[in-house]
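# Secondary and tertiary structure notes
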Amino acid sequence: MSRAALLLCQVLVAVVALAMWQLFATVPVFGRIWLPPFFFSNPIDVVSQIVKWFSTGVIWKHLAITLWESILAFVIGSALGILVGFWFARQPRVAAVFDPYVKMTNALPRVVLAPIFALWFGLGIWSKVALGVTLVFFIVFFNVYQGVKEVSTTVLDNGRMLGMSERQLMRHVYWPSALSWMFSSLHTSVGFAVVGAVVGEYLGAAAGLGYLIQQAEGVFDVAGVFAGMFVLSAFVILIDMAVTLVERRLLVWRPTAAREA
């Protein structure tokens, strides 16, 4: 399927979904409204709210704060996940010692940590960043760890036979092997970085998209809640597109089909 055809299909899915939402929220079907506007609003009201936010400039401050929190959480969590993942994969004894503690920490529900981070770091951006880091770190860590562990022993033996040092093996064997796994995790981590920022804002903040959604929910403004959700979705897609561009730049050695998959 060509890129144009794929994009057309994606847009068509969105149009059909929005049209059905508008239909069931505004037009009686079999004698009743299946999506009561009080609970579900409708696409026209949601779009009107988004346009109002951007035209009046209300949303820019909130968007900038959430963007900054998400980027910090994504960068810090990813960097820590990559470094620790490589370290554990290259040091089996260290990995064996810390294995139960990593699993135990990963099993903790992150929402429970949000009030603790608020106590430690206050209601500023760093409590939201810390929550996002805990979400991003483990996704990247486990993928990088597995990617390094999955390196072909044949390739490693051939590299050592050719006299490659550990540094050369890291650069030419371990790193390329882990890149595919790493970028797979980064695409997932984008959403989790935003989730961490928004959940933190939702629980306690004076600005941000999470705060905006929480305020709309407090006055039963369903259109405002959905508007915030749609802005967040578009926000995540844009960041994911940036990650995809970096991935294509670094993984030029992969077959074209694999890059486009």
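Computed from a predicted structure; not experimentally measured.

Atom-level detail of predicted coordinates should not be read off regions where pLDDT is low. Scored by pLDDT, the chain comes out at a mean of 84, with 95% of its residues at no less than 70. The weakest mean pLDDT in the chain belongs to helix 12 (residues 256-260) at 47; the strongest belongs to helix 3 (residues 43-56) at 92. Counting interchain partners and residues more than four positions distant, the pLDDT-below-50 stretch residues 257-261 has four contacts.

Before going further, it helps to examine a nonpolar patch on the surface. Together, Ile76, Leu80, Ile116, Leu119, Trp120, Phe121 and Trp126 line one region of the surface with nonpolar side chains, adding up to about 760 Å² of accessible area. Residue assignment for the nonpolar patch shows that the elements contributing at least two residues are helix 4 (58-90) and helix 6 (110-121). With four residues, the single largest contributor to the nonpolar patch is helix 6. You can see Trp126 is positioned in helix 7 (residues 125-149). A relative accessible area of 47% places Trp126 in the partly exposed class.

The next point concerns the pattern of salt bridges. With the rule as written, the count across this model stands at one salt bridge. Linking Lys103 and Asp99 is a salt bridge whose minimum nitrogen-to-oxygen distance equals 3.2 Å. Remark: Asp99 and Lys103 occur in helix 5 (residues 92-107); sequence separation between them is four residues, near one turn of the helix. Classification of Lys103 by relative accessible area gives exposed; the value is 51%.

Conventions used here
Residues numbered from 1 in each chain as written. Predicted model: local features only at pLDDT ≥ 70, side-chain atom pairs only at ≥ 80, totals over all residues. Heavy atoms only, no water. pLDDT = per-residue confidence, 0-100. Helix = DSSP H or I, 4+ residues; strand = E, 2+ residues; numbered from the N terminus. Contact = heavy atoms within 4.5 Å. Patch = residues over 30% accessible without salt bridge, like charges linked within 9 Å, V, L, I, M, F, W, Y side chains within 5 Å. Areas by Shrake-Rupley, 256 points an atom, 1.4 Å probe, with all protein chains shown as cover. Salt bridge = Lys/Arg side-chain N within 4 Å of Asp/Glu carboxyl O. Buried < 20%, exposed > 50% of the residue type's maximum accessible area, 1.4 Å probe, protein only.

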